[in-house]
Each structure stands twice: as structure tokens, then as C-alpha cells.
Amino acid sequence: MSDKGDLSISSGKKLYACGNKRPGIVTTSVPKCIRKRPRSSTSSTLHVSVGRSDATVLNPSDRSKVISVNRPEANAEHPTAPTRIRRIIDDSLHLSAWREEDLLLSSGVGKLARVKLSASPALEAKRLWAVSRLCRNFEKAVSIHLGSCWANTFEEILLCHDGVDDPIIPGDERIVSFLHSRLHAKKVSSLAVEKIVGTLIPLVRRMREYINQSCEQVQESDILPTKIVVKKHGSRVKLSLNDTTVEVNAEHYEKLRHLFKLQTSYVQSDCHNDDDNNFESAAFALLCRYTAAQGGTFNTVAGHHAALHGAVFDVLRDGMGVDVECFASPLNCRWHRYCSPFVDTDATFGSLGSFFDFTPSEGSFECNPPFDEEYIFRTVKHITALIKAAERASKALSFVIITPHWPGKTSWENMAGCPHVTHVEIIPLREHGFLEGAQHAKQTQYRIASCDTSVVFLQSKSGRKKYPITQMFLSALRLAFRPHQELNQF
């Protein structure tokens with residue numbers, strides 16, 4: 001470890017850092033004092049005194065940097081985010097033309113450049129109805145065995161999908177395998193498990209067939225413009241098509257409008273016209289898809305995906321050159337370029353498509369996958385392959401992975417033991433919080449952490465040099481993770 005606080009390592013050794021000293025743990029300094037600039041100053045930058053050096057949590061509008069990161073100036077042709085939504089989107093990050101091109105060519109969107117990337121509002125309304133009915137029947141079948149945990153379990157089932165038959169509803173084999181594994185783990189008898197499977201699988205098949213039939217029915221109707229009815233009620237916006245209604249916070253609705261306009265400025269085509277009707281149709285389809293993915297209108301869960309505070313993204317941007325999120329959505333993304341699960345509904349709002357179809361060769365990325373063991377396994381496997389390819393090409397590639405701290409669980413041990421890990425930072429339970437995964441639909445935006453969190457850095461050899469992990473950076477990162485209520489006190 002250098003005197004400058006560089007925590008990058010080599011020779012396969014792993015460093016762990018935590019606020020509490022334990023055997024085998026490297027402890028980073030905890031900020032001793034936090035101060036804010038005088039009220040007369042226009043900046044709201046937070047300064048953290050750590051020993052003799054200062055780490056800084058930067059305001060999105062502050063152009064100073066923890067390390068030197070090239071940041072192109074804003075393009076006058078691209079719309080800027082309205083002031084009222086800058087709490088939930090960082091408008092200060094502007095990518096160069098070559099970076100935009102490189103990201104697109106490496107993405108699922110770029111590989112589908114000749115395919116029309118749009119979703120049918122009418123079909124998404126049908127899919128939402130089908131998933132909502134499935135969710136309602138799932139509760140009836142399993143709540144007696146799982147109690148209030150049934151909702152999170154249903155969301156976990158939806159995470160099992162492979163996107164082959166439907167973007168939301170998994171195939172029969174995956175559902176059966178999941179139910180047997182989860183219910184047996186809860187000590188549910190084999191007879192009860194078979195009864196639940198026998199009840200749910202026929203319903204799953206009927207809902208899947210209903211969606212397929214609806215797809216055929218809406219093809220002709222989608223030739224005509226779809227008129228979405230939009231009504232604003234205080235801080236909420238309701239979008240309706242016939243008898244299907246979805247809601248979103250007004251702030252996030254304006255964010256979607258900004259992303260739509262921004263994407264239009266990049267891609268001029270018939271499917272990206274910047275008129276209100278096209279935007280409203282795209283927003284309605286998007287909200288239907290994500291409402292379905294979170295349990296449908298019967299129950300909105302989103303318990304397996306929490307978002308980071310804006311301050312954390314600012315530190316990652318300025319301290320590590322991070323400019324893309326690997327797991328996000330148009331509703332919770334911090335930047336205008338991100339990977340998300342549904343390319344057909346999300347590309348219109350700047351998505352690069354699925355992370356598992358994303359093959360960047362260089363750059364620095366933030367990765368906050370759903371809190372699910374299989375997802376974490378797949379994520380680390382994909383990142384490992386990308387870093388191996390980057391090392392063969394002598395490219396600088398870096399990933400910051402945020403997951404629950406799950407020592408003893410196979411997925412976490414596999415990640416922490418990866419040969420490309422250069423540092424593991426552990427954020428204690430009481431020292432951090434998150435934004436709600438379904439922040440766009442909930443009145444409460446913030447969530448207290450339910451366990452320790454791991455921040456794991458995986459880097460190529462060139463990535464370690466270009467994106468060094470320093471004590472100053474880590475101190476700023478730990479402060480940025482503080483619960484939102486605590487940060488508001490300064």
C-alpha cells in the first residue's frame with residue numbers, strides 16, 4: 001500500500017475494508033468531521049476531513065474532480081434537463097461522440113440497429129393484466145406457507161425469466177424448479193408443493209397464451225395512432241389506455257420526457273419522433289412493463305433492487321470515471337446511458353439493452369444487479385469474460401459492483417474470490433441507505449439498508465492504472481453512502 005493511499009493490489013491478493021476492525025480486515029479511515037461551505041457560497045459541496053487530507057463529495061454541478069477524468073462540454077443540440085428533475089438525473093455528464101458510438105456498438109441496441117425497437121402500448125396493457133392476475137392467484141396458493149414473504153418470492157420468480165417466450169413470465173421448467181427449491185427450503189411438504197405447482201402452472205400457460213393471442217390482435221390496431229389519456233393529480237401522473245391505468249410520480253414522468261427528447265436528439269428516425277403522442281405511448285408501454293415486472297397492479301414489490309444515492313454516483317463519476325450503469329431502468333437511471341432488461345420498451349429512453357448483451361472493451365462502469373444469487377453469478381461470469389478480453393487487448397476496463405455483503409453465500413464468495421478483484425469495501429449496515437427500487441411509484445423514496453453492503457472492484461491490469469482506488473476516493477464513497485436523512489443534516 002502506497003503512502004498516497006492507493007489500494008489497488010496485484011498477485012491475486014484480496015483486501016477487505018470495513019468501518020469495524022476485525023482480523024484480516026484492512027480498515028479505512030472514518031471521516032472525523034464533515035463541514036459544508038458557508039451559506040454565502042453557491043456550492044453545496046460536502047467536504048470530509050480524514051486525517052490530513054480532504055475527500056470531497058461533489059455536487060453534480062461542480063466541475064472539480066477527485067481524479068482527472070475527461071468530460072466533454074455539453075452539446076448545444078442536446079436538451080438539458082429541467083431544474084426540477086436534476087435531483088434524480090445527472091445532467092452534467094456529457095459523453096464524447098466516440099464514446100457514444102463505442103457504447104452503442106458494444107450494446108444490444110447497436111446489434112439490433114436494423115430492428116424496430118418499440119413496444120405496443122395495447123400489448124403491454126394485456127401483459128400487465130395477465131401478470132397481475134397471476135400474482136393474485138400466487139398469493140392465494142402460497143401465502144399460507146410463506147406469509148408476507150410471498151410478494152418477494154413472486155418477484156424472484158419473475159427474475160427467473162430468460163426472455164425466450166415472454167419478457168416477464170418465465171418458462172414452465174424455470175418456475176417449477178424455483179417453486180420446488182424455495183418451498184422445500186421453507187419446509188413445505190412435497191404433497192403441498194405438488195398441489196401448488198399443479199395449481200399455478202396451468203394458469204401460467206393460460207396467461208402466456210392470452211398474451212400471445214393479444215399480440216396477434218393488436219398488430220393491426222397498432223397501425224393506427226394510440227391515444228393515451230394523461231391526467232395529473234398533484235405529484236402523481238396517471239396514464240390510461242381503455243381500462244388500463246398506470247401511475248408514476250410527476251418528477252419521474254418529466255424525467256422520462258427528458259430522456260425521450262435526448263434520445264431523439266441522438267437518433268432521428270420515424271420511431272423516435274419527439275411529439276407528445278409518441279412519448280405518451282412509449283411512456284405508457286414502459287410503465288406497464290415495469291409495473292408487471294414488479295408484481296403487477298395487484299402488488300408492487302421491487303424488493304430485490306435498490307438504487308444508489310445520487311451522491312454515490314457523483315463520487316464514482318468523478319473518482320473512477322464511471323459513466324454507465326450496468327443494471328438500471330429509464331425510471332431509476334442516474335445517467336442517460338445505461339443497461340436495462342427490456343430493450344424494446346427502454347431503447348426509446350436511452351437504454352443500451354441488457355447488460356448480458358453488452359460487450360465493452362474499455363471504460364469504467366457501475367454495476368448494481370438485483371439482489372439475487374443467480375443474477376450475481378451471471379454478472380460476475382460476464383464481467384470476468386469482458387476483463388479477460390480487455391487484458392488480451394491491453395485495454396483499461398473497470399467495474400464497481402454493489403451487492404449485499406453475503407459472506408458464506410456461494411455467489412458472494414465466487415465474486416470476492418475472482419482473480420480480477422482489486423479491492424472489496426464493506427459498508428456497515430448502520431452507515432448507509434438506498435433509494436427505493438420502485439421510487440417512481442412510491443411516496444417514500446429512501447430505504448434503510450437491511451444488511452452490510454459490499455462494493456467490489458474488478459479491473460483489468462490497465463484498468464488498475466487508469467482508475468486507481470485511493471484512500472481519498474474510498475472516504476468520499478463511504479460518506480456518499482450515508483443515509484439520506486443524515487446527509488441532509490449538513
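In this text, all values refer to a predicted model and were calculated from it rather than measured experimentally.

## Some thoughts on the overall build of the protein chain
Assigned secondary structure in the protein chain consists of 15 helices and 14 strands. Within the protein chain, the proportion of its 490 residues that are buried is 57%. Considering only residue pairs separated by 6 or more positions, the protein chain has 70% of its internal contacts joining residues 24 or more positions apart. Of the accessible surface of the protein chain, which amounts to about 21,900 Å², a share of 50% is contributed by carbon and sulfur atoms.

## Examining the side chain of Ser96
Structurally, Ser96 is set in the loop between β4 (53-57) and α1 (97-105). Note on Ser96: relative accessible area 15%, which makes it buried. Within the structure, the side chain of Ser96 is placed 2.8 Å from the side chain of Trp98, a separation counted as a polar contact.

## Here's the deal with the pairing of strand β9 (residues 363-367)
Here is the key point about a regular strand: its side chains alternate between the two faces of the sheet. β9 sits mainly inside the fold: 5 of its 5 residues count as buried. Of the two faces of β9, the one holding Gly363, Phe365 and Cys367 and the one holding Ser364 and Glu366 are both buried throughout. Note: strand β8 (residues 324-325) against β9, 2 bridges, orientation parallel. The residue of β9 that forms the bridge with Val324 is Phe365. Here β9 runs beside strand β10 (residues 397-404); their pairing, made up of 5 bridges, is parallel.

## Here we look at the pattern of salt bridges
Within the structure shown, the criterion is met by 21 salt bridges. Close ionic contact of Glu251 with Arg87 constitutes a salt bridge, the shortest N to O distance being 2.6 Å. A residue pair is termed long-range when its members are at least 10 positions apart, and Glu251 in helix α7 (residues 250-266) and Arg87 in the loop between β4 and α1 qualify at 164 residues. Owing to a relative accessible area of 22%, Glu251 belongs among the partly exposed residues under this scheme. Notably, a salt bridge pairs Asp323 with Arg99, separated by 2.9 Å at the nearest N-O pair.

## Observations regarding helix α11 (residues 373-392)
Its 20 residues place the ends of α11 29 Å apart at the C-alpha level, agreeing with the 28 Å of an ideal helix rising 1.5 Å per residue. Regarding α11, the residues found buried are Tyr375, Ile376, Thr379, Val380, His382, Ile383, Thr384, Leu386, Ile387 and Ala390. The inward-facing, buried residues of α11 abut α4 (150-159), β9, β10, α12 (410-416) and β14 (453-459). Once α11 ends, the next one or two residues include Ser394, with phi positive near 55°.

## Brief notes about the sheet that holds strand β5 (residues 229-233)
Reading across the sheet, the 3 strands line up as β5-β6-β7 and stay open at both edges, with antiparallel pairing between neighbours. Sheet topology places β5 and β7 (244-249) at the edges, where each strand pairs with a single neighbour. Averaged over all neighbouring strand pairs, the angle between strand axes comes to 20°, with direction disregarded. Docked against the sheet, helix α8 (residues 276-293) engages β5, β6 (236-241) and β7, running at close to 90° with respect to β7.

## With respect to a positive patch on the surface
Together, Arg133, Arg136, Lys140 and Arg206 line one region of the surface with positive charge. When you line up the elements, Arg133 lands in helix α3 (residues 121-146). The class of Arg133 is partly exposed, set by a relative accessible area of 31%.

## Focus: unusual backbone geometry
Even without being glycine, Asn242 reaches a positive phi, approximately 55°. With respect to the secondary-structure elements, Asn242 resides in the loop between β6 and β7. Unlike most non-glycine residues, Ser394 shows phi in positive territory, near 55°. You can see Ser394 is positioned in the loop between α11 and β10.

## A closer look at the packing of aromatic side chains
The full count for this structure, using the stated rule, is 16 aromatic pairs. Members of the aromatic cluster, each reached through a chain of ring pairs, are Phe327, Phe355, Phe356, Phe358, Phe365, Tyr375 and Phe399. Sitting over the ring of Phe342, Arg289 keeps its end group 5.0 Å from the ring centre. The residue whose ring lies beneath Arg378 is Phe356, and the NZ or CZ to ring-centre distance is 3.9 Å.

## Some points on helix α14 (residues 471-480)
Counting buried residues in α14 gives 8 out of 10 residues, a clear majority hidden from the surface. Where α14 is concerned, the buried positions are Phe473, Leu474, Ser475, Ala476, Leu477, Arg478, Leu479 and Ala480.

## Details of the packing of α3 against α4
In the contact formed by α3 and α4, the axes pass within 9 Å of each other and the chain directions differ by 130°. One finds that α3 runs oblique with respect to α4. Note that α3 runs across α4; the crossing there is right-handed. Residues Val131, Leu134, Cys135, Phe138, Glu139, Val142, Ser143 and Leu146 of α3 form the contact with α4, whose own contacting residues are Trp150, Thr153, Phe154, Ile157 and Leu158. Considered class by class, the residues forming the contact of α3 with α4 number 10 nonpolar, 2 polar and 1 charged.

## Quick word on the nonpolar core
Core analysis: the biggest nonpolar cluster contains 66 residues, and Phe138, Ile168, Leu179, Leu239, Phe284 and Phe349 have the highest contact counts within it. For this core, the secondary structure elements donating two or more residues are α3, α4, α5 (172-185), α6 (190-221), β6, β7, α7 and α8. The element contributing the most residues to this core is α3, with 12 residues. The contact partners of Leu239, leaving out residues within four places of it in the chain, are Ile228, Val229, Val230, Thr244, Thr245, Val246, Val248, Tyr253, Glu280, Ala283, Phe284 and Leu287. If you look at the next biggest cluster of nonpolar residues, it comprises 59 residues, including Leu308, Trp335, Ile376 and Ile383.

## Examining the packing of α4 against α5
Taken N-terminus to C-terminus, the directions of α4 and α5 make an angle of 145°; their axes are 10 Å apart at the nearest point. Here the hand of the crossing between α4 and α5 comes out right-handed. Every residue of α5 that contacts α4 at Thr153, Glu156 and Ile157 is listed here: Ile175, Phe178, Leu179 and Arg182. Considering only residue class, the contact of α4 with α5 consists of 4 nonpolar, 1 polar and 2 charged.

What counts and how
Residues numbered from 1 in each chain as written. Predicted model: local features only at pLDDT ≥ 70, side-chain atom pairs only at ≥ 80, totals over all residues. Heavy atoms only, no water. Helix = DSSP H or I, 4+ residues; strand = E, 2+ residues; numbered from the N terminus. Buried < 20%, exposed > 50% of the residue type's maximum accessible area, 1.4 Å probe, protein only. Contact = heavy atoms within 4.5 Å. Areas by Shrake-Rupley, 256 points an atom, 1.4 Å probe, with all protein chains shown as cover. Polar contact = N/O pair within 3.5 Å; in protein donor to acceptor, adjacent residues only side chain to side chain. Pairing = 2+ DSSP bridges. Salt bridge = Lys/Arg side-chain N within 4 Å of Asp/Glu carboxyl O. Expected span 1.5 Å × (residues − 1). Axes fitted to C-alpha atoms, helices over the stretch in contact; angles between N-to-C directions. Patch = residues over 30% accessible without salt bridge, like charges linked within 9 Å, V, L, I, M, F, W, Y side chains within 5 Å. Lys, Arg positive; Asp, Glu negative; His and termini not counted. Charge placed at Lys NZ, Arg CZ, Asp CG, Glu CD. Phe/Tyr/Trp six-rings, centres within 6.5 Å; stacked < 30°, edge-to-face > 60°. Lys NZ or Arg CZ within 6 Å of the ring centre and 35° of its normal. Parallel < 35°, antiparallel > 145°, perpendicular 65-115°, else oblique. Left-handed = near helix turned anticlockwise from the far one by under 90°. Nonpolar A, V, L, I, M, F, W, Y, C, P; charged D, E, K, R; others polar. Core = buried A, V, L, I, M, F, W, Y, C linked by side-chain atoms within 4.5 Å.

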